[in-house]
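Understanding the architecture of this molecule
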Amino acid sequence: MATSSPCIVIGDEDQGYDLDLFCVPKHYASDLERVYIPHGLILDRTERLAREIMKDMGGHHVVALCVLKGGYKFFADLLGYMEALNGNSESCSVPMTVEFIRLVSYCDDQSTGEIKVIRGDDLPALTGKHVLIVEDIVDTGKAMKTLLELLKLHNPQIVKVASLLVKRTPRSVGYRPDFVGFEVPDKFVVGYGLDYNEYFRDLKHICVISETGREKYKS
Ligand code: 5GP
Ligand code: MG
């Protein structure tokens, strides 16, 4: 297993927070059980990740590759913080360019085990580059392993992976990203870009879905 920078570990016994303590959209009020990671904490952790990434990769032009759809919010916030570091540094700053890829592997809350690349036409732009893959969550790690294999075909110079979340699961193939925001228990989480059949991306906190929500939005 590759080494990665330390992260915030959310324990199995951690119950998160009561929904009523936070602002949650009314249309999801009965579809969620608990707030697991509040938006403010996500942003604060992301700001620090941006610093770690710039320290590690900031000597070169960085091509940031967003894994859609789940990674879009983390990608936007992370790059915002990296841009701020670039803008505030008097000694050095690096250009950053962005590319996008879309992977599909989940139906309801289950991995289909088959990873489909829906939009991979930007990959030739990665040849010879320092690439930062930005992902929402690494669960089994199968999707990331598949993506890394695919990228190899385009000969990037360096590839690093930043994932907001990593799940502690016995189903893991042992893959660990270079930069991790939070390690979470083996539960299905939604919000901040992460969906359940396309719902809950419009929720700013990361939450655990309720039985009602699971039934209501099941495919
Ligand atoms: P993996 O191949 O690592 O098992 O999972 C790949 C993808 O499945 C993740 O990038 C993410 O899009 C989706 N996924 C895995 N676990 C969760 C989860 O708890 N919640 C949501 N919304 N998506 C997940
Ligand atoms: Mg994803």
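Scroll up a little and you will see the structure.
Keep in mind it's a predicted model, so treat the numbers as computed, not measured.

1. So, the overall build of the chain
The helix and strand tally for the chain stands at four helices and 10 strands. Each helix (α) and strand (β) of the chain, taken in turn from the N terminus, gives the series β-β-α-β-α-β-β-β-α-β-β-β-β-α. By principal-axis analysis of the C-alpha atoms, the chain measures approximately 50 × 40 × 30 Å. Within the chain, buried positions represent 47% of all 219 residues. Counting contacts in the chain only where the partners sit at least 6 residues apart, residues at least 24 apart contribute 68% of the total. Carbon and sulfur atoms provide 52% of the accessible area of the chain, an area that totals close to 10700 Å². Positive and negative charge centroids in the chain, built from 26 and 32 side chains respectively, lie 2 Å apart.

2. Concerning the coordination of the magnesium ion (ligand 2)
Taken together, the protein ligands of the magnesium ion (ligand 2) are Glu135 (OE) and Asp136 (OD), with distances of 2.3 to 2.4 Å. Grouping residues by exposure puts Glu135 and Asp136 together as buried.

3. A word on the site of ligand 1
In the neighbourhood of ligand 1, 17 residues make up the surrounding shell, with Asp139, Thr140, Gly141, Val189 and Asp195 lying closest. Asp139 is positioned such that a nitrogen or oxygen atom in its backbone is 2.8 Å from an oxygen atom of ligand 1. If ligand 1 stood free it would expose 500 Å²; the protein chains cover 92% of that surface. Per-element tally for the shell around ligand 1: the top contributor is strand β6 (residues 130-138), with four residues. By residue class, the composition of the shell around ligand 1 is seven nonpolar, three polar and seven charged.

4. Quick notes on the sheet that holds strand β2 (residues 32-37)
The sheet built from three strands is open, its strands ordered β2-β10-β9 with antiparallel pairing. In the strand order of this sheet, the two ends are held by β2 and β9 (189-190), each with one partner. For β2 and strand β10 (residues 206-209), the ladder comprises four bridges, and the chain directions are antiparallel. Bridge pairing in β10 places Ile37 opposite Ile206.

5. Focus: the pairing of strand β8 (residues 179-184)
Looking along a regular strand, one sees side chains alternate from face to face of the sheet. Across the six residues of β8, six count as buried, placing the element largely inside the fold. One ladder, built from two bridges, connects strand β1 (residues 8-9) with β8; its direction is parallel. Bridge pairing links Ile8 to Phe182 in β8. Sheet analysis places strand β7 (residues 158-167) next to β8, joined by five bridges and oriented parallel. Bridge assignment links Leu165 to a residue of β8, and that residue is Phe182.

6. Some thoughts on the layout of surface pockets
Approximately 200 Å³ is the volume found for the second largest pocket. As for the second largest pocket, its lining consists of Arg48, Arg51, Glu52, Met54, Lys55, Gly58, Leu85, Asn86, Ser89, Cys92, Ser93 and Val94. When contributions to the lining of the second largest pocket are tallied by element, the ones reaching two or more residues are α1 (39-57) and α2 (72-88). With five residues, the single largest contributor to the lining of the second largest pocket is α1. Classifying every residue of the lining of the second largest pocket gives four nonpolar, four polar and four charged.

Basis of the calculations
Residues numbered from 1 in each chain as written. Chains lettered and ligands numbered in written order. Predicted model: local features only at pLDDT ≥ 70, side-chain atom pairs only at ≥ 80, totals over all residues. Heavy atoms only, no water. Helix = DSSP H or I, 4+ residues; strand = E, 2+ residues; numbered from the N terminus. Buried < 20%, exposed > 50% of the residue type's maximum accessible area, 1.4 Å probe, protein only. Contact = heavy atoms within 4.5 Å. Areas by Shrake-Rupley, 256 points an atom, 1.4 Å probe, with all protein chains shown as cover. Lys, Arg positive; Asp, Glu negative; His and termini not counted. Charge placed at Lys NZ, Arg CZ, Asp CG, Glu CD. Donors = N, O, S within 2.8 Å, 3.2 Å for Na, K, Ca; no water. Near = heavy atom within 4 Å. Polar contact = N/O pair within 3.5 Å; in protein donor to acceptor, adjacent residues only side chain to side chain. Nonpolar A, V, L, I, M, F, W, Y, C, P; charged D, E, K, R; others polar. Pairing = 2+ DSSP bridges. 1 Å grid on protein atoms, 1.4 Å probe; cavity = no way out; pocket = protein on both sides within 12 Å on 5 of 7 lines; lining within 4 Å. Points joined across faces, edges and corners; volume = space filled by probe spheres on them.

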